[in-house]
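These are the residues of each chain, in order.
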Amino acid sequence: MPAIQNVKDTAEKIKSMEIRGALKIAVEASKALQSVVEEGASYDELVKAADVLRDSRPTAVSLPNAINYILHLAEESENLEPAVAKAMLIADVTNFVKELETSIEKIAEIGARLIEEGDVILTHCNSKTVTAILAKARKDGKKFKVYACETRPRWQGHITVKELKEAGVDVTLIVDSAAYHTMRSKCVKKVMVGADTVYANGDVINKIGTSQVALAAKNAGVEFIVCTESIKFSPESMMGAVTEIEEREANEVTDIPGVKVFNPAFDVTQKELIHMIVTEHGIIPPEAAYQILKDKFGWTLD
Ligand code: RUB
């Protein structure tokens, strides 16, 4: 298949959520651009391919971060002899994709140390980062219980319960509105969720309902932990940019004809509700998000 067709297919799959979850979106978009590079495309053709992918899902900052990084690599190699530039770019992009994919293993290693024997954990939506942490803790021999919110309207919680069951984790599905009651009646100790975007000030965007779970956790005295790769930290947020919250079709919520529906896909959880963020670079307080952007990516406000 020609690489540009592969790019269009990938953008379509991201839009329709066949490819979903912030990390997966970044990995698959990067792989699609890798195929464009491998085909020997010019810089301008690569930019055009990047534009096809860019708007496929507005809220996950991992997508523009990955695209911009690959374009930056391409710019750096532009003045080299074409064959050398191509070989260098292929190697750099391959390496980048590998780094993205291995960041989740590093987080799993770090995050699993937080899980204690007998723990009771609640999660919302389906985060590959969170399920990797829980699967690793189970593999390390720890016994604990997980409650997973079903996550209306797209039921990503069903994916979570399947993945955790396969990993041998004791997991129970709950309806979203049972989150607070479950925290109190089942002695939940920790909430663990993923992220789509982390702002420089430490606020976190994740699946709709996450902020309600965080508010409930604060009231119930439960630790609220965000688990996320640094590719999801938003450099634009340092300059005050606000991420667009994706609104999806009414038919995801109801098929009653003529009913007005508001269907936002994500929400913002304020840093005051977050105890820590587990990243591949270690565990940080939300206030240190700016430091990650500065130290790891070199983005500063000066
Ligand atoms: C998925 C979602 C996930 C984050 C983190 O939303 O909000 O919690 O993307 O996932 P959707 P991961 O199903 O709409 O993509 O840790 O896998 O990147």
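Definitions and limits used
Residues numbered from 1 in each chain as written. Predicted model: local features only at pLDDT ≥ 70, side-chain atom pairs only at ≥ 80, totals over all residues. Heavy atoms only, no water. Helix = DSSP H or I, 4+ residues; strand = E, 2+ residues; numbered from the N terminus. Rg over C-alpha atoms; globule rule 2.2 N^0.38 Å. Buried < 20%, exposed > 50% of the residue type's maximum accessible area, 1.4 Å probe, protein only. Contact = heavy atoms within 4.5 Å. Areas by Shrake-Rupley, 256 points an atom, 1.4 Å probe, with all protein chains shown as cover. Lys, Arg positive; Asp, Glu negative; His and termini not counted. Charge placed at Lys NZ, Arg CZ, Asp CG, Glu CD. Patch = residues over 30% accessible without salt bridge, like charges linked within 9 Å, V, L, I, M, F, W, Y side chains within 5 Å. Salt bridge = Lys/Arg side-chain N within 4 Å of Asp/Glu carboxyl O. Near = heavy atom within 4 Å. Polar contact = N/O pair within 3.5 Å; in protein donor to acceptor, adjacent residues only side chain to side chain. Domains from an automatic or database assignment. Core = buried A, V, L, I, M, F, W, Y, C linked by side-chain atoms within 4.5 Å. Pairing = 2+ DSSP bridges. Phe/Tyr/Trp six-rings, centres within 6.5 Å; stacked < 30°, edge-to-face > 60°. Lys NZ or Arg CZ within 6 Å of the ring centre and 35° of its normal. Buried area = accessible area lost by both parts, 1.4 Å probe. Axes fitted to C-alpha atoms, helices over the stretch in contact; angles between N-to-C directions.

The helix and strand tally for the protein chain stands at ten helices and ten strands. In summary, the protein chain has a C-alpha radius of gyration of 20 Å against a globular reference of 19 Å for 302 residues, a match within 12%. Projected onto the principal axes, the alpha-carbon positions of the protein chain cover approximately 65 × 50 × 40 Å. Expressed as a percentage of its 302 residues, the buried residues of the protein chain come to 52%. Across the protein chain, the fraction of contacts at a sequence separation of at least 24, relative to all contacts at a separation of at least 6, is 76%. For the protein chain, the exposed area adds up to about 14300 Å²; of that, 52% sits on carbon and sulfur atoms. The protein chain carries 36 positive and 45 negative side-chain charges, and their two centres are separated by 8 Å.

Further remarks concern a negative patch on the surface. Judged by side-chain charge, Glu39, Asp44, Glu45, Glu75, Glu76 and Glu78 come together as a negatively charged surface patch. Listing elements by their share of the negative patch, those giving two or more residues are α3 (43-54) and α4 (62-76).

Right, let's get into the site of the ligand. Arg20, Ser127, Thr129, Asn206 and Lys207 are the nearest of the 18 residues found near the ligand. Between Leu23 and the ligand, the recorded distance is 2.8 Å, taken from a backbone N or O atom to an oxygen atom. In the complex, the protein chains occlude 100% of the 460 Å² of accessible area that the ligand would expose alone. Looking at the shell around the ligand, the elements with two or more residues in it are α2 (22-38), α6 (128-139) and β6 (204-207). Residues from two domains meet in the shell around the ligand; each of domain 1 (3-105) and domain 2 (113-297) gives at least three.

On to a nonpolar patch on the surface. Taken together, the side chains of Leu80, Val84 and Met88 make up a nonpolar region of the molecular surface, amounting to roughly 220 Å² of accessible area. Tracing the backbone shows Val84 in helix α5 (residues 82-112). Judged by its relative accessible area of 42%, Val84 is partly exposed.

Attention now moves to the nonpolar core. Counting 34 residues, the largest nonpolar core has Ile14, Leu33, Leu46, Leu53, Ile67 and Leu100 as its most contacted members. Counting residues per element, the ones that place at least two in this core are α1 (3-15), α2, α3, α4 and α5. Per-element tally for this core: the top contributor is α2, with ten residues. Among residues more than four places away in sequence, those in contact with Ile67 are Leu33, Ala50, Leu53 and Arg54. Counting 32 residues, the second largest nonpolar core, distinct from the first, contains Tyr147, Ala214, Ala217 and Leu293.

Each regular strand shows side chains that alternate between the opposite faces of the sheet. Side chains Lys190 and Met192 project from strand β4 (residues 190-193) onto one buried face, and the interleaved Val191 and Val193 project onto a second face that is buried too. Note: strand β1 (residues 120-123) against β4, two bridges, orientation parallel. Its bridge partner being in β4, Leu122 is matched across the sheet by Val191. As paired elements, β4 and strand β7 (residues 223-227) share four bridges and run parallel to each other. What sits directly across from Val191, in β7, is Phe224.

Take the packing of aromatic side chains next. For the structure on display, the rule yields one aromatic pair. Geometry around Phe266 places Lys207 over its ring, the cationic atom sitting 4.3 Å from the centre.

Turning to the side chain of Thr269, a few remarks are in order. Among the structural elements, Thr269 can be located in strand β8 (residues 266-269). At 3.4 Å, the side chain of Thr269 forms a polar contact with the backbone nitrogen of Ser211. Each residue touching Thr269, except ones within four places of it in the same chain, is listed here: Asp203, Val204, Thr210, Ser211, Ala214, Phe224 and Ile274.

Taken domain by domain, the protein chain holds domain 1 (3-105) and domain 2 (113-297). Summing the contributions of domain 1 and of domain 2, the shared interface buries around 1800 Å²; its carbon and sulfur component is 58%. Along the contact surface separating domain 1 from domain 2 lie one salt bridge. Close ionic contact of Glu246 with Arg57 constitutes a salt bridge, the shortest N to O distance being 2.8 Å. Linking domain 1 with domain 2 are nine residue pairs in polar contact (both at pLDDT 80 or more).

Taken in spatial order, the three strands of this open sheet run β5-β6-β8, and their pairing is antiparallel. Each of the sheet's edge strands pairs with one partner strand only, and the pair in question is β5 (197-198) and β8. Here β6 pairs with β8 via four bridges, running antiparallel. Looking at β8, one finds that Lys207 is bridged to Phe266. Relative to the sheet, helix α9 (residues 210-220) contacts β6 and β8, its axis offset from that of β8 by approximately 35°.

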